[in-house]
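Summary of the model geometry
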Amino acid sequence: MTTLSITNLSVGERLRDVSLELPDGVLVALVGPNGSGKSTLLQAAAGLLPATGRVVWRGRPFSAIPFIERGQLTAWVPQEAQFEFGFSVRSVVAQGRFAHGDDDAGVESALAAMDLLALAERPVNQLSGGERHRVLLARALATAAPLQLWDEPLAALDVRHALQTLVLADNLKKRGGTVLVSLHDLRVAHCFDYVVVMQAGRIAAQGRPDAVLTPELLLNVFGVQARLEPGLTLSLPSTSSA
Amino acid sequence: MHATTRQRLALPIALTALVALALLSLAVGDMRLSVSEIGQGLVDRDSLAGTILWQIRLPRLLVAVLVGAALSASGLVMQAYFRNSLASPGLLGVSSGGAAGAVIAIAAGWAGASLLVLPVAAILGALVATAAVLSLARKGASTERLLLAGVALNALLGAVTSYVLSQANVSFERNGQILFWLLGGLEDRTWEHAVMALPIVLGAIVLWPLGRQMDLLSLGANEAQSLGVNVRRLRRQLLVLSTLMTALGTAVAGTVGFVGLIVPHLLRLLVGPEHRRLVPLSLIGGAAFVVACDVFGRSVGGLRLGIVTSLVGGPFFLWLLRRSA
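Summary of the structure given here. The written sequence of each chain sets the order in which its residues are numbered from 1. Chain letters start at A and ligand numbers start at 1, both assigned in the order the entries are written. For this predicted model, a pLDDT threshold of at least 70 governs which residues receive local features, and a threshold of 80 or more governs which side-chain atom pairs are given and counted, while totals over whole chains, interfaces and linings are taken from all residues. By convention in this description, side-chain values take in all heavy atoms of the structure and omit both hydrogens and water.

**Some words on unusual backbone geometry**
Residues and elements named next belong to chain A. A positive phi angle is found at Asp 104, which is not glycine, with a value near 65 degrees. Within the element layout of this structure, Asp 104 appears in the loop between α3 (89–94) and α4 (107–113). Relative accessible area serves as the criterion here: at 48%, Asp 104 is assigned to the partly exposed category. At Asp 115, a residue that is not glycine, the phi angle is positive and equals roughly 55 degrees. Secondary structure elements follow DSSP: runs of H or I of four or more residues count as helices, runs of E of two or more count as strands, with numbering from the N terminus. As for its position among the elements, Asp 115 is in the loop between α4 and α5 (129–142). By relative accessible area, Asp 115 is classed as partly exposed at 35%. Relative accessible area decides the class of each residue, using a 1.4 Å probe on protein chains only: under 20% of the type maximum gives buried, over 50% gives exposed, and in between gives partly exposed.

See the structure below:
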């Protein structure tokens, strides 16, 4: 089944005539230079921006889905993690269960998955930038939504938590979820199932990473010369339980 | 005290404080009444104590309770709406808008025509102020932008009020009435005023179940919407509620500053930021705070309510600014 289907979606000048189909159980990287429309596409796909065109979640037109069900179907993680009020980490993660009648299911495991159990009672407005992002990711996990839209979740994270986040995304995908993640690191994008390349508000290319991220495209879209050579490789130790 | 104990005890304590302060407010005055005299007076309306209670002190108490609850809850709502803990009806100019509306109605002589004129005029003035704040400072605006918008609006609406006052054709008596709005007070409040302010109860009932959604909104509108909140509807409800409650409070007591800033702030420090707790606590705590300020003002020889809340609130606000800087 198609989890996310976008047809001729436009948001002012920022996003122009974008069409995209994402099936169940796929991990998708969204890449593109600054200002190419990645965040706009994610927000429009989450139904958070006034847009023209069609957004369909699991066969249902977005506008026909009641608000509470939208919260069950999709989780969106913003690029900025700012909190004015000092809610505890646990209570912010528990907000992910709002659309499920605040049943608290999966809140503890989401906290554990993002290494937040030790910080659970801390006020979120006293955390570091990376910790705040982990709180937002844990909240997205707690929603148990099949469509996950994450806006640059790795940018603020240290290398271990970045890897952990990717492993989590991969687990979600294996359970049938669709995870669309915007990224800047093209080497990370190479590990994804599918890559969508944005340029000036349009999709420049989409497909399997090795087919899409060719030296010609990288030069054309990003203005960089690409070559493959051995370098530093990082992975979680095999004892890790992430 | 441990945080969860504080959270559990906060509401009973606030309620007890409100009841105790209410009794004090009925007892204190030119003629002091004991608890048993109050009990007798409430039953026997024709006795001296009964006359004092039913004609003077009960309506005054009721107006104080409603005004306090309204201003405090409005502050809480504005703070969640603007995602800024310094937002409040006074600082944003919504109170001034309500007062300007009321002043115009009094000066034009419409206020005598019907019981409805004054509250409606205050509501219209407050709505104009709210609309202006919204256009000057978008949701989630920085403290600077929000406060500057408030400064500008307060100055502008103050000018409207001063213009009305300076009009030569406004009678001396009406000017006296107008000064009442500017000072904010509960002197000579009657049952009419209590009835005018009664819709505040309705506002409180509508606001009561919105606490959980306010939690989500206070951490970001897009985030709240993606989690399942109908943000557009919630925002509309919150805006209408805070404007109406501020306007009604202003219509019956004039501009009473700082209640909406101090009370939610102190409660947040005590029980944390969850709005399911803060909504009922702000209503009751705001009522208790205003009754306390009124009792204090009366017992030191007739300091008006607006003066007392400003004497308490001004330094508190400066302390907050210093703390957040």
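**Side note on the environment of Phe 82 of chain B**
Among the structural elements, Phe 82 of chain B can be located in helix α3 (residues 48–82). In this structure Phe 82 of chain B comes out as buried when scored by relative accessible area, which is 4%.

**Details of the interface of chain B and chain A**
Any pair of residues with heavy atoms lying within 4.5 Å of one another is described as a contacting pair. Every contact between the two is made by 23 residues of chain B and, on the other side, 27 residues of chain A. Here chain B meets chain A over a buried area of about 2100 Å², counting both sides, of which 62% is carbon and sulfur. Two parts lose some accessible area (1.4 Å probe) when they are put together, and adding that loss for both gives the buried area. Sorting the residues of chain B by area buried against chain A places Arg 212, Leu 219 and Leu 227 of chain B first, and these three jointly supply 31% of that buried surface. We count a salt bridge whenever a side-chain nitrogen from Lys or Arg sits within 4 Å of a carboxyl oxygen from Asp or Glu. Put simply, chain B and chain A have one salt bridge between them. With a closest N to O distance of 3.0 Å, Asp 102 of chain A and Arg 212 of chain B form a salt bridge. Here a polar contact means two N or O atoms within 3.5 Å. Within protein one must be a hydrogen donor candidate and the other an acceptor candidate, and residues neighboring in sequence count only if both atoms are side-chain atoms. Counting across the interface, chain B meets chain A through four residue pairs in polar contact (both at pLDDT 80 or more).

**Side note on the pattern of salt bridges**
This structure, assessed with the given rule, holds 17 salt bridges over all chains. The shortest N-O distance in the salt bridge between Asp 193 of chain A and Lys 173 of chain A comes to 3.2 Å. Residue Asp 193 of chain A is located in the loop between α7 (186–189) and β9 (194–199), and its partner Lys 173 of chain A is located in helix α6 (residues 159–174); the two are separated by 20 residues in the primary sequence. Relative accessible area serves as the criterion here: at 28%, Asp 193 of chain A is assigned to the partly exposed category. A salt bridge links Arg 277 of chain B to Glu 274 of chain B; the shortest N-O distance between them is 3.4 Å. Arg 277 of chain B sits in the partly exposed class, given a relative accessible area of 31%. The class of Glu 274 of chain B is buried, set by a relative accessible area of 16%. Each of Arg 60, Glu 187, Asp 294, Arg 298 and Arg 304 of chain B takes part in a single network of salt bridges with overlapping partners.

**Focus: the packing of aromatic side chains**
To pair, rings of Phe, Tyr and Trp, with the six-membered ring standing in for Trp, must have centres within 6.5 Å; the planes then decide the type, stacked if under 30 degrees apart, edge-to-face if over 60, and tilted in the middle. According to the stated counting rule, one finds five aromatic pairs over all chains in the structure shown. Ring geometry for Trp 57 of chain A versus Phe 62 of chain A: centroids 5.0 Å apart, planes at 65 degrees, classification edge-to-face. The buried category is assigned to Trp 57 of chain A, whose relative accessible area is 2%. Pairing Phe 316 of chain B with Trp 319 of chain B gives two aromatic rings, centres 5.7 Å apart and planes at 45 degrees, and the pair type is tilted. Of this pair, Phe 316 of chain B and Trp 319 of chain B are both found in helix α16 (residues 305–324), three residues apart, which corresponds to roughly one turn of the helix. Judged by its relative accessible area of 14%, Phe 316 of chain B falls in the buried class. Residue class for Trp 319 of chain B comes out partly exposed when judged on its relative accessible area of 41%.

**Points about the side chain of His 193 of chain B**
Residue and element names in this part refer to chain B. The topology assignment puts His 193 in helix α9 (residues 191–197). By relative accessible area, which is 14% here, His 193 ends up buried. Setting aside anything within four residues of it in sequence, one finds His 193 in contact with Val 63, Asp 188 and Val 252.

**Examining the sheet that holds strand β7 (residues 147–150) of chain A**
Residue and element names in this part refer to chain A. At least two bridges found by DSSP between two strands are what make those strands a pair. A sheet is described by the order of its strands in space; here six strands give the open sequence β6-β7-β8-β3-β9-β10, paired in mixed fashion. For this open sheet the edge positions go to β6 (74–77) and β10 (202–207), each flanked by a neighbour on one side alone. Strand-to-strand twist across the sheet, computed as the mean angle between neighbouring axes with direction ignored, equals 15 degrees. Both strand β3 (residues 26–31) and strand β8 (residues 178–182) contribute to a ladder of five bridges, which runs parallel. The residue bridging Val 26 from the neighbouring strand is Thr 178, located in β8. Axis geometry follows a simple rule: fit a line to the C-alpha atoms, using only the stretch in contact for helices, then measure angles between N-to-C directions, giving values from 0 to 180 degrees. Contacts from helix α1 (residues 38–45) reach β3, β6, β7, β8 and β9 within the one sheet, and its direction differs from that of β3 by about 140 degrees. Sitting on the sheet, α5 touches β6 and β7, and the angle it makes with β6 is about 175 degrees.

**Description of the environment of Gly 86 of chain A**
Tracing the backbone shows Gly 86 of chain A in the loop between β6 and α3. Taking the relative accessible area as the measure of exposure, Gly 86 of chain A reaches 28% and is therefore partly exposed. Sequence separation between Gly 86 of chain A and Arg 122 of chain A is 36 residues; the distance between their C-alpha atoms is 8.4 Å. Setting aside anything within four residues of it in sequence, one finds Gly 86 of chain A in contact with Pro 123, Val 124 and Asn 125 of chain A together with Pro 273 of chain B.

**Observations regarding the nonpolar core**
What makes a nonpolar core is a set of buried Ala, Val, Leu, Ile, Met, Phe, Trp, Tyr and Cys residues whose side-chain atoms join them at distances within 4.5 Å. Of all hydrophobic cores here, the largest spans 97 residues; its most connected members are Phe 82, Leu 92, Leu 207, Met 214 and Leu 238 of chain B. When residues of this core are assigned to their parent elements, the largest contribution, 19 residues, is made by α3 of chain B. Counting 54 residues, the second-largest nonpolar core is a separate cluster that includes Phe 85, Leu 136, Ala 145 and Leu 172 of chain A.

**As for the sheet that holds strand β1 (residues 2–11) of chain A**
All names here are of chain A. Here we have four strands laid out as an open sheet, ordered β2-β1-β4-β5, and antiparallel in their pairing. Edge positions in the sheet fall to β2 (15–23) and β5 (60–61), since each has one partner strand and no second. Against the sheet, α1 makes contact with β1, β2 and β4 (52–57), and its axis sits at roughly 120 degrees relative to β1, the strand it touches most.

**Examining the packing of α3 of chain B against helix α14 (residues 259–271) of chain B**
Residue and element names in this part refer to chain B. In the contact formed by α3 and α14, the axes pass within 7 Å of each other and the chain directions differ by 70 degrees. Judged by the inter-axis angle, α3 sits roughly perpendicular to α14. Between α3 and α14 lies a crossing whose hand is right-handed. Of the residues in α14, those touching α3 at Gly 68, Leu 71, Ser 72, Gly 75, Leu 76 and Gln 79 are Val 259, Gly 260, Leu 261, Val 263, Pro 264 and Arg 268. Three classes are used: nonpolar for Ala, Val, Leu, Ile, Met, Phe, Trp, Tyr, Cys and Pro, charged for Asp, Glu, Lys and Arg, and polar for all others, with Gly counted as polar. By residue class, the composition of the contact of α3 with α14 is six nonpolar, five polar and one charged. Comment on the angle field: the value is read as roughly parallel under 35 degrees, roughly antiparallel over 145, roughly perpendicular from 65 to 115, and oblique elsewhere. Left-handed describes a crossing whose near helix is turned anticlockwise from the far helix through less than a right angle; right-handed describes the clockwise counterpart.

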